[in-house]
Amino acid sequence: MCYKKEYSKWLLSEYFDSETKEELISIKDDENEIEERFYKNLEFGTGGLRGKIGAGTNRVNKYTIRRATAGLCEYIKKSFGKENNRIVIAHDNRYKSREFCIETAKVMAENGIKSYIFDDLRSTPELSFAVRYLKCTMGVVITASHNPKEYNGYKVYDSNGGQICIEVADNIIAEINSIKDYSAIKVKSYDEYLKLNMIEVLDNSVDDAFIDAVKEQIVNEDIVCKYAKDLKIVYTPIHGTGLMPISRVLNECGFKNLSIVEEQTIHDPMFSTVKYPNPEEISVFDMAKKLSDKVGADIIMGTDPDCDRVGLIVKNKKGEYKVLNGNQIGSLMVRYILENMNGNIPSNSVIIKTIVTSELGAEIASKYGVETINTLTGFKFIGEKINEFEKTNEKHFIMGYEDSYGYLIGTHARDKDRVVSALIICEIAAYCKSKGISIYEYMYDTYEKYGYYSDKLKSIVIEGKKGVEKISEIMTYLRNSDPNEIGFNDLLEIKDYKNGIDGLPKSNVLKFIMKDKSWLAIRPSGTEPKIKIYFGAKSDDSIEDSDRKLNSMYENIMNIIESI
Ligand SMILES: O=P(O)(O)OC[C@H]1O[C@H](O)[C@H](O)[C@@H](O)[C@@H]1O
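As recorded by an unreviewed UniProt entry, the protein chain carries the name phosphoglucomutase (alpha-D-glucose-1,6-bisphosphate-dependent) and is attributed to Peptacetobacter hominis. Word for word, the UniProt comment on the protein chain under Cofactor (unreviewed entry) is "Mg(2+)".

Shown next, in the form of C-alpha cells:
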C-alpha cells in the first residue's frame, strides 16, 4: 500500500468529510506521521479492530468502522442468508463511541440488517447477554476496553454472545480485505433508518433481564442476606459503563453501604482523573483511596470503561491498602465458590483458565475433584468451551478467568463479566468480614492451605511500525536460542504454541517451564503495542521463597531482552 497515494486520495475525494481533511492537512509536513497513518489498513484482528482514533486507513475513524462493518455485513449475509438478520450494538464512553455505534448501525441498515442500539453507554457483559436475549445474529461493542484515551475499537460477538472465534474472524477479515474503496460504502441518515425501523433504540427491559441473570449467580444466599449490609464498599467506574449495572446489582442484593467516587461517574472520554483507564494501574484508585479513608471501606473496586475487567484493593490486618492481582482474585473466587457448593459439586465440573494464568486456581480445583481446562489468552476461547458444553452436556462449567482481571461466573454471558464479578467479590468480602478477617488474610490463608504461588506480569510497550518489528525480533531470538546459553539452566520444557500444541489453535506464545514447575511465558499483546511476559513460581516453603524464584526468572529474562 503506497501511503502517499492513499493520503492524497483521502485529501482529495469528496467522500471524506471536512473534519477528516483538516486533520490530514495538519500533518502534511510530518512524513513519518503520514506513513504511520496510511502504510496499511488498520488490521481487523481476531477480536475486531483496535487502534488510535484519527484520520487515516491505519486509524479508528468512521470510515474504517464503516469498512469493517461492510465486511461484517457480507459475512452475515453469506453465512446466515439475506433475510431476518439483526444485531445489537453497545458502546462505552470513549471519544466518538456513540458516533461509531451509529455508523455501524447505518451500514448494517443499508445492507438490510436491523440494529438494536441502547439509548446510552452499556457494558460489554450486557452486550454479551443481550445478543442471546434478543436472539441476534451477532453483536458489536464499540470500545477499546482498558486502552488509553487515544484509542477506540470494535469487538464482534457471535450469536452465543461470545467474542468471535478465529475461523469466523478469518472469514470476516477476508470480506473486509476485499473492500478496496472506502468511498464505495454509502449510507443514508440515522433518522431515515430509524423511520424505516432498521435501527431501533432499546428500552430498559434488556437491562432488567441482565441484572436479574447476574443476581442469580449469588453463591450463598445466606451469607449475602446476613452480612451484605455490613460491608463497606468504595467503587469507581473510572468514567465508564460500570456505574449503572454495578450499583444496581449491589444495591438490589443488599450491599447498601456503597460509596461511589463521584468525579469518576462522569462519562468523560478524556478519562481526565486518571492516567490510563485500566484497573491494573494502581494509580486509577487514588481518588477511591481518598474516599475510602473518609468512609472506612473494607474493599475498593474499579472497572475499566467497558466493564469487563475489575481491579480490587483490600486492607491488611494493619489497615494498609493492598492490591490483589487478577490471578489472586480468580483463585479466591475458585476457592470460595467450591467451598460454598457444600459438597454438591457435579462430578463433571470444570473451571477454565488460560495458559498464562497462575496454577493456584487449578490446584484448588483439583482438591475438590474439579478439572481445569487451559485455553489460549482471550475470553473468546472460554466462551467457546461454554458453548461446546451447552451442546454436549459433557462438562459442568463453574467459572472461567484470566490473569488480566476478567472473570465469568455462570453462563448468562459468554465474555468476562465485571458485574457478576463485583457481586461475587462483595459476597466473599462479606463472608470474610463475618469471620473477622479481610480478603487479604483470606488470600494468605489460601496460600497456607493450597500452596505458595507467586505470579507477575511485565509488559513492555513498544509503539509503531518499529515496535512491531522489535517484538517479532524478541520472539525470534528466544525461539532460536539455546536455553542454556540464555540462562535457563534448570529448564524442563519449552512449549511453543506457534506450532499448535496441547489441542490449542496456533498462537505466538512461548512458555518456558522449569524443573520445579516455575514458568515464564512470553507473547505479543493482541490489543496493545506491547510484549507481555508472564511469570509463575511455586514453593513448598513460603510465599517469600516463591517470590525469590520468580524474581530470579524475571531478572534473567529482562537481561536477555535488554540485550536484543
Ligand atoms: O492480547 P492482550 O493485550 O494480552 O489482551 C488480552 C485480552 O484481550 C481482550 O481484552 C480479551 O477480551 C481478553 O479476554 C484478553 O485477555
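Once you've had a look at it, read on.
(A) Region of the structure containing the sheet that holds strand 2 (residues 86-91). The strand order 1-5-4-2-3-6 describes an open sheet built from 6 strands, whose pairing is mixed. Of all strands in the sheet, those bounded by a partner on one side alone are strand 1 (48-52) and strand 6 (199-201). Sheet twist, expressed as the mean angle between neighbouring strand axes with direction ignored, is 15°. Bridge count between strand 1 and strand 5 (residues 151-157): 5 bridges; the pairing is antiparallel. Counterpart to K52 in the pairing with strand 5 is Y151. Strand contacts of helix 6 (residues 124-133): strand 2, strand 4 (138-142) and strand 5, with the helix running at about 165° to strand 4, the strand carrying the most contacts.

(B) Representation of the environment of Y95 in the model. Mapped onto the secondary structure, Y95 falls in the loop between strand 2 and helix 5 (97-110). Judged by relative accessible area, Y95 falls into the partly exposed class, the value being 44%. Separated by 42 residues in sequence, Y95 and I53 have C-alpha atoms that sit 8.2 Å apart. Once you skip the residues sitting within four places of it in the chain, Y95 turns out to touch E19, I53, N152 and P269.

(C) Molecular detail of the pairing of strand 15 (residues 406-409). With burial as the criterion, each face of strand 15 is covered, one bearing G406 and L408 and the other bearing Y407 and I409. One ladder, built from 4 bridges, connects strand 14 (residues 396-402) with strand 15; its direction is antiparallel. Counted as the bridge partner of Y401 is Y407 from strand 15.

(D) Broad picture of the pattern of salt bridges. Tallying each qualifying case throughout the model produces 48 salt bridges. Between D298 and K433 there is a salt bridge, and its shortest N-O distance comes to 2.9 Å. Taken together, the residues span a long stretch of sequence, with D298 in the loop between helix 12 (286-295) and strand 9 (299-303) and K433 in helix 16 (residues 418-434) at a distance of 135 residues. For K433, a relative accessible area of 33% gives the class partly exposed. Between E388 and K385 there is a salt bridge whose closest N-O contact spans 3.6 Å. Within this pair, E388 and its partner K385 are both found in helix 15 (residues 379-392), separated by 3 residues, close to a single helical turn. Classification of K385 as partly exposed rests on a relative accessible area of 24%.

(E) Spotlight on the site of the ligand. Lining the immediate environment of the ligand, one finds 14 residues, of which E402, K416, S525, G526 and T527 sit closest. Between the ligand and the protein, one listed contact pairs an oxygen atom with a side-chain N or O atom of Q163 at 2.9 Å. Take S404: an N or O atom from its side chain is 3.2 Å from an oxygen atom of the ligand. Burial of the ligand by the protein amounts to 94% of the accessible area it has alone, namely 390 Å². A breakdown of the residues in the shell around the ligand according to their chemical character gives 2 nonpolar, 7 polar and 5 charged. Both domains that meet at the shell around the ligand, namely domain 2 (209-450) and domain 3 (452-563), each give it at least three residues.

(F) Region of the structure containing the UniProt feature "domain: Alpha-D-phosphohexomutase alpha/beta/alpha" (unreviewed entry) in the protein chain. When the UniProt feature table is mapped to this numbering, "domain: Alpha-D-phosphohexomutase alpha/beta/alpha" (unreviewed entry) covers residues 43-181, 209-315 and 325-450. Annotated as 32% helix and 17% strand, the span residues 209-315 places its first and last C-alpha atoms 34 Å apart. Overall, residues 325-450 shows 52% helix and 17% strand. The separation of its end C-alpha atoms is 18 Å.

(G) Representation of unusual backbone geometry in the model. Of note in the backbone geometry, K135 takes a positive phi value of approximately 50° without being a glycine. Note that K135 resides in the loop between helix 6 and strand 4. Judged by relative accessible area, K135 falls into the exposed class, the value being 66%. The residue D502 is not glycine, and still its phi comes out positive at about 55°. The topology assignment puts D502 in the loop between strand 17 (491-496) and strand 18 (510-514).

(H) Highlighting the confidence of the model for the protein chain. The predicted model of the protein chain has a mean per-residue pLDDT of 95, with 100% of residues at 70 or higher. In the model output, the complex is listed with pTM 0.94 alongside ipTM 0.98.

(I) Structural context of the nonpolar core. Core analysis: the biggest nonpolar cluster contains 80 residues, and V88, F255, I299, M301 and I439 have the highest contact counts within it. When residues of this core are assigned to their parent elements, the largest contribution, 12 residues, is made by helix 16. Leave out the neighbours within four places in its chain, and V88 touches Y116, F118, L127, A130, V131, L134, C136, M138, G139, V140 and L202. Residues L49, I87, M108 and V140 belong to the second largest nonpolar core, which totals 50 residues.

(J) Local environment of the environment of E33. Structurally, E33 can be placed in helix 3 (residues 31-38). Judged by relative accessible area, which is 23%, E33 ranks as partly exposed. A sequence separation of 316 residues divides E33 from S349, and the C-alpha atoms of the two residues are 52 Å apart. Not counting residues within four places of it along the chain, the set of residues in contact with E33 comprises I27 and R59.

(K) Quick peek at the state of the cysteines. Going through the model one piece at a time under the given rule, you end up with 0 disulfides. No disulfide involves C225; its nearest neighbouring cysteine sulfur is the one of C253, lying 9.5 Å away. The structure places no disulfide on C426, whose sulfur is separated from the nearest cysteine sulfur, that of C253, by 9.6 Å. C426 gets classed as buried once you look at its relative accessible area, which sits at 0%.

(L) Structural view of the sheet that holds strand 20 (residues 530-539). Read from one edge to the other, the open sheet built from 5 strands follows the order 16-20-19-18-17, with strand pairing classed as antiparallel. Strand pairing shows two members of the sheet lacking a second neighbour, strand 16 (452-461) and strand 17, which therefore form its edges. Within the sheet, the average angular offset between the axes of one strand and its neighbour, ignoring direction, is 10°. Bridge analysis of strand 18 against strand 19 (residues 519-524) gives 4 bridges, and the strand direction is antiparallel.

(M) Quick look at the packing of helix 9 (residues 205-215) against helix 11 (residues 243-252). Here helix 9 crosses helix 11 at 50°, and the two axes come no closer than 10 Å. It follows from the interaxial angle that helix 9 and helix 11 lie oblique. For the pair helix 9 and helix 11, the sense of crossing is right-handed. Facing D207, D208, F210, I211, V214 and K215 of helix 9, the residues of helix 11 in contact are M244, P245, R248, V249 and E252.

What counts, and at which threshold
Residues numbered from 1 in each chain as written. Predicted model: local features only at pLDDT ≥ 70, side-chain atom pairs only at ≥ 80, totals over all residues. Heavy atoms only, no water. UniProt positions renumbered as here; feature names shortened; annotations may be inferred. Pairing = 2+ DSSP bridges. Helix = DSSP H or I, 4+ residues; strand = E, 2+ residues; numbered from the N terminus. Axes fitted to C-alpha atoms, helices over the stretch in contact; angles between N-to-C directions. Contact = heavy atoms within 4.5 Å. Buried < 20%, exposed > 50% of the residue type's maximum accessible area, 1.4 Å probe, protein only. Salt bridge = Lys/Arg side-chain N within 4 Å of Asp/Glu carboxyl O. Near = heavy atom within 4 Å. Polar contact = N/O pair within 3.5 Å; in protein donor to acceptor, adjacent residues only side chain to side chain. Areas by Shrake-Rupley, 256 points an atom, 1.4 Å probe, with all protein chains shown as cover. Nonpolar A, V, L, I, M, F, W, Y, C, P; charged D, E, K, R; others polar. Domains from an automatic or database assignment. pLDDT = per-residue confidence, 0-100. Core = buried A, V, L, I, M, F, W, Y, C linked by side-chain atoms within 4.5 Å. Disulfide = S-S within 2.5 Å. Parallel < 35°, antiparallel > 145°, perpendicular 65-115°, else oblique. Left-handed = near helix turned anticlockwise from the far one by under 90°.

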